[in-house]
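Analysis of the macromolecular model
Each chain, written out:
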Amino acid sequence: MAWFKRQSGELDTSGEKKVRTEGLWVKCDECRQIIWKKDLEENLNVCPKCDRHFRIDARTRLRQLLDGDRYQAFDGNLASTDPLHFVDLKAYSSRLKQAQHDSGLKDAVINAEGKLNDRSVIVSAMEYSFIGGSMGAVVGEAITRAIERATDRRLPIIIVSASGGARMMEGVISLMQLAKISASLARLDDAKVPYISVLTDPTTGGVTASFAMLGDLNIAEPGALIGFAGPRVIEQTIRQKLPHGFQRAEFLLEHGMLDAVVPRKQLKAYIGRALDFMVPANGTKRA
Ligand SMILES: [Zn+2]
């Protein structure tokens, strides 16, 4: 009797519905709430409960800033040659290979041209997930090229920083980028083409020490960590406890190091308005 005796020992699970839950939810480190990832993305990766600004990658940044999610990327073929053949826990060359594989980028920045509220602009967006957004020869050269392009074409430039600073695996070659980029920004200034620096979480070290703080306007996202040396190093040097919120965007604004702290949702409109003010009809920057 078939209903009395199990005929097959195997349980047929082929029709079983699989529910994928992994990666659908994110925990906010600030308010500890669990957020549906889609809700977070729709809110420009800002926590809907506490307004914490999550880090976003360079491509998402460009889509958020430029009209119609459209932009033309350039200088994407530059790649580091590992000039010092540097090895720490791992060979720098294999770190590079891994980062290139994971990000689909050659290095930690995307240069793009697109429209921001109908105005053509150049944007350099740094990619933090690529070796901490660190600045080696390639990032330095790419940003310099973006600035030179902006100078030649008289287009405003926006650089969105997200970086741990200079790339130690390229030693002094990395440090030279600070001077190179700063020099190209001086020429941009001579040409009276505006530069808006957007500092996002985190912007530290050599990037803060050069172009991130050299904008005609230096604006940051709420809560962004911005500094040169880390808090522990400073505490050990000055032998004092640092105040609460030290090196956060709001603290820097209060102490005159930034021009504004702008929530991500208002960032595009804010930059658009600033450019309207900075670039009158004849296309050059107001003195
Ligand atoms: Zn939150």
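Preceding this paragraph is the structure being described.
As the structure is a computational prediction, the values presented were derived from the model and not from experiment.

Over the atoms a probe the size of a water molecule is rolled, and this reveals where empty space is left. When its volume is computed, the largest pocket comes out at roughly 440 Å³. Lining the largest pocket are 25 residues, and of these His53, Pro222, Gly223, Ala224 and Arg248 lie nearest its centre. Elements supplying a minimum of two residues to the lining of the largest pocket: α2 (58-65), β5 (119-126), β6 (157-163) and β7 (195-203).

For helix α4 (residues 137-153), which comprises 17 residues, the first-to-last C-alpha distance of 24 Å matches the rise-based estimate of 24 Å (1.5 Å per residue) to within 8%. The inward-facing, buried residues of α4 contact β4 (109-116), β5, β6 and α5 (171-190). Trailing α4 by a residue or two, Arg154 shows a phi angle of about 55°, which is positive.

Pairing between side chains of opposite charge can happen when the charged atoms of each approach one another. According to the stated counting rule, one finds 14 salt bridges in the structure shown. One salt bridge connects Lys180 with Glu141, and the closest N-O pair in it is separated by 2.8 Å. Remark: Glu141 occurs in helix α4 and Lys180 occurs in helix α5; sequence separation between them is 39 residues. Taking relative accessible area as the criterion, Lys180 reaches 30% and is therefore assigned partly exposed. Glu141 gets classed as partly exposed once you look at its relative accessible area, which sits at 25%. Each of the salt bridges in this network shares a partner with another, and the network as a whole consists of Asp75, Glu141, Arg145 and Lys180.

As enumerated under the stated definition, the model contains 2 aromatic pairs in all. Ring geometry for Trp25 versus Trp36: centroids 6.5 Å apart, planes at 40°, classification tilted. Taken together, the residues span a long stretch of sequence, with Trp25 in strand β1 (residues 25-27) and Trp36 in strand β2 (residues 34-36) at a distance of 11 residues. Between Phe246 and Phe251, the ring centres sit 5.7 Å apart and the planes meet at 75°, which makes this aromatic pair edge-to-face. Its relative accessible area of 26% is what places Phe246 among the partly exposed residues. The ring centre of Phe54 lies 5.1 Å from the NZ or CZ of Arg52, which sits over that ring.

A separate point is the pairing of strand β8 (residues 217-220). Residues Leu217 and Ile219 of β8 are buried on one face, and the alternating residues Asn218 and Ala220, pointing to the opposite face, are buried as well. Inspection of the sheet shows β7 paired to β8 by 4 bridges, in the parallel sense. Across the sheet, the residue bridging to Ser197 is Asn218, located in β8. In the sheet, β8 pairs with strand β9 (residues 260-261) via 2 bridges, with the strands oriented parallel. Paired with Ala220 across the strands is Val261, a residue of β9.

We now examine the sheet that holds β9. Across the sheet, which stays open at both edges, the 7 strands sit in the order β3-β4-β5-β6-β7-β8-β9 with mixed pairing between neighbours. Of all the strands in the sheet, the pair left with one neighbour each is β3 (71-74) and β9. Where β5 meets β6, 4 bridges bridge the pair, whose relative direction is parallel. The partner of Val123 across the bridge, within β6, is Ile158. Each of β3, β4, β5, β6 and β7 is contacted by α2, which is oriented at about 10° to β4, the strand it contacts most.

What follows deals with a nonpolar patch on the surface. A cluster of nonpolar side chains, contributed by Leu24, Trp25, Ile34 and Trp36, occupies part of the molecular surface with about 410 Å² of accessible area. Among the residues examined, Ile34 registers a relative accessible area of 46% and is labelled partly exposed.

Our focus in this paragraph is the nonpolar core. One broad trend across soluble globular proteins is that nonpolar side chains are buried collectively. In terms of nonpolar packing, the biggest core is built from 40 residues, with Ile143, Ile147, Ile157, Leu188, Phe211, Ile226 and Leu258 touching the most fellow members. Here this core takes 7 residues from α4, the largest share from any one element. Counting 25 residues, the second largest nonpolar core, distinct from the first, contains Leu116, Val123, Leu275 and Met278.

The buried fraction of β4 amounts to 7 of the 8 residues, a majority that puts the element mostly inside the structure. Pairing analysis gives 4 bridges linking β3 to β4, with the strands arranged antiparallel. The residue bridging Tyr71 from the neighbouring strand is Gly114, located in β4. Pairing between β4 and β5: 8 bridges, direction antiparallel. Paired with Glu113 across the two strands is Ile122, which belongs to β5. Hairpin connection, β4 to β5: the antiparallel pair is bridged by 2 residues, and Asn117 has positive phi, about 45°.

Procedures and definitions
Residues numbered from 1 in each chain as written. Predicted model: local features only at pLDDT ≥ 70, side-chain atom pairs only at ≥ 80, totals over all residues. Heavy atoms only, no water. 1 Å grid on protein atoms, 1.4 Å probe; cavity = no way out; pocket = protein on both sides within 12 Å on 5 of 7 lines; lining within 4 Å. Points joined across faces, edges and corners; volume = space filled by probe spheres on them. Helix = DSSP H or I, 4+ residues; strand = E, 2+ residues; numbered from the N terminus. Expected span 1.5 Å × (residues − 1). Contact = heavy atoms within 4.5 Å. Salt bridge = Lys/Arg side-chain N within 4 Å of Asp/Glu carboxyl O. Buried < 20%, exposed > 50% of the residue type's maximum accessible area, 1.4 Å probe, protein only. Phe/Tyr/Trp six-rings, centres within 6.5 Å; stacked < 30°, edge-to-face > 60°. Lys NZ or Arg CZ within 6 Å of the ring centre and 35° of its normal. Pairing = 2+ DSSP bridges. Axes fitted to C-alpha atoms, helices over the stretch in contact; angles between N-to-C directions. Patch = residues over 30% accessible without salt bridge, like charges linked within 9 Å, V, L, I, M, F, W, Y side chains within 5 Å. Areas by Shrake-Rupley, 256 points an atom, 1.4 Å probe, with all protein chains shown as cover. Core = buried A, V, L, I, M, F, W, Y, C linked by side-chain atoms within 4.5 Å.

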